[in-house]
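One-letter residues, chain by chain:
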Amino acid sequence: MDGSQLFEVWAPEESVWSRWAKPALFAGGAPVFAAQPVAPMPVHSTDQTTASYDPGPLDTWTAFVVDMPGERSVEIGMALARTGYRPVPLFNTAYNPSAIVAVEAILKRLRDGADELQGLAIPADTPPVFLLDAKRLEPGTPPQPGRFDNRWAVFPQDFPSANFLLSNGIRRVVLLQEERLQDKPRTDLAHVLLRWQQGGVEIYIQDPDGNMSPRPIQVEKPSAFRSLFYRTLTLTGLRRSSAGGFGSVIPIPSSGRSGFG
């Protein structure tokens, strides 16, 4: 299965939410992993780093945003897919062997889950689960010349509007993120969630690896909220890819010298 075929599995045309799926990680240049379907993990595993998330029965009024590190986001997305939700990959970054944000494990989990996802026959209008990488702005290695800088951020335009959610029956959104962040979404995501909240969508938060039920939150106003310059400010220091999304090589300074002979 090549990248284009894999993207079609995760963003089928019949799904109303596929228009927001990001193709960047599925594009050419990514390593080809042989698909190795992974059996569903026990819901109540004692290993909290690999335990499957138990969302309970499908709630057609509720959507999810999964902001967890790396492949854990995809694992939780698959757990929700087994309940009937539609996972939507928003990994707007690219693969490269010298990338400073590791994405190999994410891509491998996407590939390994493709066959199972196809077999679930998820309805076209079922609620979405937007998948993000919590490490998107946290490079595993320092940015330096010659490395591939694939840090990325999300913007309100990367998600449906509050009106679109409401018109499709979504009344609440549950943010799944690590408990250590308490009730504060990451800054770039807060710009999205606050717009939804102001538009009439209820916002809840939950640690998928903890024991707490989803609880309502009031999203705090982030810096430069609704500012005309917010996107420009956020993009400063990030590198866009010519193929879409984020990711390009940091130039190596010229070693040449000039002078008068």
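Residues numbered from 1 in each chain as written. Predicted model: local features only at pLDDT ≥ 70, side-chain atom pairs only at ≥ 80, totals over all residues. Heavy atoms only, no water.

S.K.: Any chance you could break down helix H3 (residues 104–112) for me, citing the residues and the numbers?
M.R.: Of the positions making up H3, those classed as buried are Ile106, Leu107, Leu110, Arg111 and Asp112. Contacts made by the buried residues of H3 are with helix H1 (3–10), helix H2 (71–83), helix H4 (114–119) and strand E3 (128–133). (Buried < 20%, exposed > 50% of the residue type's maximum accessible area, 1.4 Å probe, protein only. Helix = DSSP H or I, 4+ residues; strand = E, 2+ residues; numbered from the N terminus. Contact = heavy atoms within 4.5 Å.)

S.K.: I'd love a proper account of the pattern of salt bridges, names of residues and values included.
M.R.: Inspection of the entire model under this criterion finds 16 salt bridges. A salt bridge links Asp158 to Lys22; the nearest nitrogen and oxygen atoms lie 2.9 Å apart. Within this pair, whereas Asp158 is found in the loop between strand E4 (148–149) and helix H5 (162–167), its partner Lys22 is found in the loop between H1 and strand E1 (62–68), the two being separated by 136 residues in sequence. A salt bridge links Glu178 to Arg186; the nearest nitrogen and oxygen atoms lie 4.0 Å apart. (Salt bridge = Lys/Arg side-chain N within 4 Å of Asp/Glu carboxyl O.)

S.K.: If you had to explain the nonpolar core to someone new, which residues and values would you point to?
M.R.: Core analysis: the biggest nonpolar cluster contains 66 residues, and Trp10, Leu80, Leu110, Phe159, Val173, Leu189 and Trp196 have the highest contact counts within it. The contact partners of Trp196, leaving out residues within four places of it in the chain, are Val65, Phe130, Phe159, Pro160, Ser161, Ala162, Leu165, Val173, Val201 and Ile203. (Core = buried A, V, L, I, M, F, W, Y, C linked by side-chain atoms within 4.5 Å.)

S.K.: Hey, could you go over the pairing of strand E6 (residues 202–206) for me, with residue numbers and the actual values?
M.R.: Sheet analysis places strand E5 (residues 172–176) next to E6, joined by 5 bridges and oriented parallel. Each residue of the ladder has a partner; that of Val174, found in E6, is Tyr204. In this view, the connection linking E5 to its parallel neighbour E6 by way of helix H6 (residues 187–198) has right-handed handedness. One ladder, built from 2 bridges, connects E6 with strand E7 (residues 215–216); its direction is antiparallel. Looking across to E7, one finds that Tyr204 is bridged to Pro216. (Pairing = 2+ DSSP bridges. Right-handed = clockwise from strand over helix to strand, strands pointing away.)

S.K.: I'd like a description of the side chain of Asp188, backed by residues and values.
M.R.: Positionally, Asp188 belongs in helix H6. Classification of Asp188 as buried rests on a relative accessible area of 6%. Looking at Asp188, its side chain comes within polar contact range of the main-chain nitrogen of Val154, at 3.0 Å. If near-sequence neighbours (up to four positions away) are discounted, Asp188 is found in contact with Arg136, Leu137, Ala153, Val154 and Tyr230. (Polar contact = N/O pair within 3.5 Å; in protein donor to acceptor, adjacent residues only side chain to side chain.)

S.K.: Give a detailed account of the packing of H1 against H3, specifying residues and quantitative values.
M.R.: The geometry of H1 relative to H3 is characterised by a closest axis approach of 10 Å and an angle of 70° between their N-to-C directions. When the axes of H1 and H3 are compared, the pair comes out roughly perpendicular. Helix-helix and strand crossings are classified by hand; for H1 and H3 the assignment is left-handed. Along its contact with H1, which presents Gly3, Leu6 and Trp10, the element H3 presents Leu107, Leu110 and Arg111. (Axes fitted to C-alpha atoms, helices over the stretch in contact; angles between N-to-C directions. Parallel < 35°, antiparallel > 145°, perpendicular 65-115°, else oblique. Left-handed = near helix turned anticlockwise from the far one by under 90°.)

S.K.: Give me a negative patch on the surface: which residues, what numbers.
M.R.: Taken together, the side chains of Asp2, Glu8, Glu13 and Glu14 define an acidic patch exposed on the protein surface. In this structure, Glu13 sits in the loop between H1 and E1. We classify Glu13 as exposed; its relative accessible area is 81%. (Patch = residues over 30% accessible without salt bridge, like charges linked within 9 Å, V, L, I, M, F, W, Y side chains within 5 Å. Areas by Shrake-Rupley, 256 points an atom, 1.4 Å probe, with all protein chains shown as cover. Lys, Arg positive; Asp, Glu negative; His and termini not counted. Charge placed at Lys NZ, Arg CZ, Asp CG, Glu CD.)

S.K.: Which residues make up the packing of aromatic side chains, and what are the values?
M.R.: Under the criterion given, the structure shown has 11 aromatic pairs. Between the aromatic rings of Phe7 and Phe26, the centroid separation amounts to 5.3 Å while the plane-to-plane angle is 65°, which identifies the pairing as edge-to-face. Of this pair, Phe7 sits in helix H1 while Phe26 sits in the loop between H1 and E1, placing them 19 residues apart in sequence. Residue Phe7 shares its accessibility class with Phe26, and that shared class is buried. Look at Phe159 and Trp196: their rings are 5.7 Å apart centre to centre, the planes differ by 85°, and that puts the pair in the edge-to-face class. (Phe/Tyr/Trp six-rings, centres within 6.5 Å; stacked < 30°, edge-to-face > 60°.)

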